[in-house]
Amino acid sequence: MKLIAPVFDRTDILPWFLRYYRQIGVTQFILLYWQGQDRADLEALCEGYHVDLVPGLDCALADYSNIEELPLLNLLREDRIQPDEWYLIVDLDEFCWFH
């Protein structure tokens, strides 16, 4: 299963996020990151996981908006997810519970 998530802040929890979702069956992570972040730092945090880092909004931190990010997430879904494929779209601080 694939997972799409925006990465804007809270990168401190990224290792726990990746580990949690891999344990419940996610095999590929597609992370849309704010271009104000250091890609090399994100790559280091994602080491050992199947992660595609996709550049997102290129703006000043003060101008960042989740609303402007939504069309980019939808484009990723349309481009990377097959019509019959299961997937998740979550925020970095969302740990969904499946029972």
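As the structure is a computational prediction, the values presented were derived from the model and not from experiment.

Rules and cut-offs
Residues numbered from 1 in each chain as written. Predicted model: local features only at pLDDT ≥ 70, side-chain atom pairs only at ≥ 80, totals over all residues. Heavy atoms only, no water. pLDDT = per-residue confidence, 0-100. Helix = DSSP H or I, 4+ residues; strand = E, 2+ residues; numbered from the N terminus. Buried < 20%, exposed > 50% of the residue type's maximum accessible area, 1.4 Å probe, protein only. Pairing = 2+ DSSP bridges. Right-handed = clockwise from strand over helix to strand, strands pointing away. Axes fitted to C-alpha atoms, helices over the stretch in contact; angles between N-to-C directions. Contact = heavy atoms within 4.5 Å. Salt bridge = Lys/Arg side-chain N within 4 Å of Asp/Glu carboxyl O.

K.L.:
Before we move on, can you summarise the confidence of the model for the protein with the specific residues and values?
P.N.:
The predicted model of the protein averages 85 in pLDDT, with 88% of residues at 70 or higher. Highest mean pLDDT in the protein belongs to helix α1 (residues 14–23) (95); lowest belongs to helix α3 (residues 66–80) (81).

K.L.:
Any chance you could break down the pairing of strand β1 (residues 2–7) for me, citing the residues and the numbers?
P.N.:
Burial of β1 is extensive: six of the six residues sit out of reach of the surface. Of the two faces of β1, the one carrying K2, I4 and P6 and the one carrying L3, A5 and V7 are both buried. Judged from the six bridges that link them, β1 and strand β2 (residues 28–33) form a sheet pairing that is parallel. Considered in β2, the bridge of K2 is made with Q28. Remark: the β1/α1/β2 crossover connection has right-handed handedness.

K.L.:
Could you give me a rundown of the sheet that holds β1, with the residues and numbers involved?
P.N.:
As summarised here, the arrangement of the four strands in space is β3-β2-β1-β4, forming an open sheet in which the pairing is parallel. Where the open sheet ends on each side, the last strands, each with one partner, are β3 (51–55) and β4 (87–89). Mean inter-strand twist for the sheet, computed between neighbouring axes without regard to direction, equals 20 degrees. Sheet topology places β1 next to β4; three bridges connect them, and they run parallel. Residue pairing for β4: K2 is matched across the bridge by Y87. Against the sheet, α1 makes contact with β1, β2, β3 and β4, and its axis sits at roughly 150 degrees relative to β2, the strand it touches most.

K.L.:
Run through the pattern of salt bridges, naming residues and quoting values.
P.N.:
Counting across every chain of the model gives six salt bridges. Residue E85 is joined to K2 by a salt bridge in which the shortest nitrogen-to-oxygen separation is 3.5 Å. With E85 in the loop between α3 and β4 and K2 in strand β1, this residue pair connects regions lying 83 residues apart in the sequence. Residue E85 is classed as partly exposed on the basis of its relative accessible area, which comes to 26%. Across the pair E43 and R39 runs a salt bridge whose closest N-O atoms are separated by 3.0 Å. Separated by four residues within a single helix, E43 and R39 lie in helix α2 (residues 39–45), roughly one turn from each other. Take E43: its relative accessible area is 40%, and that puts it in the partly exposed class.

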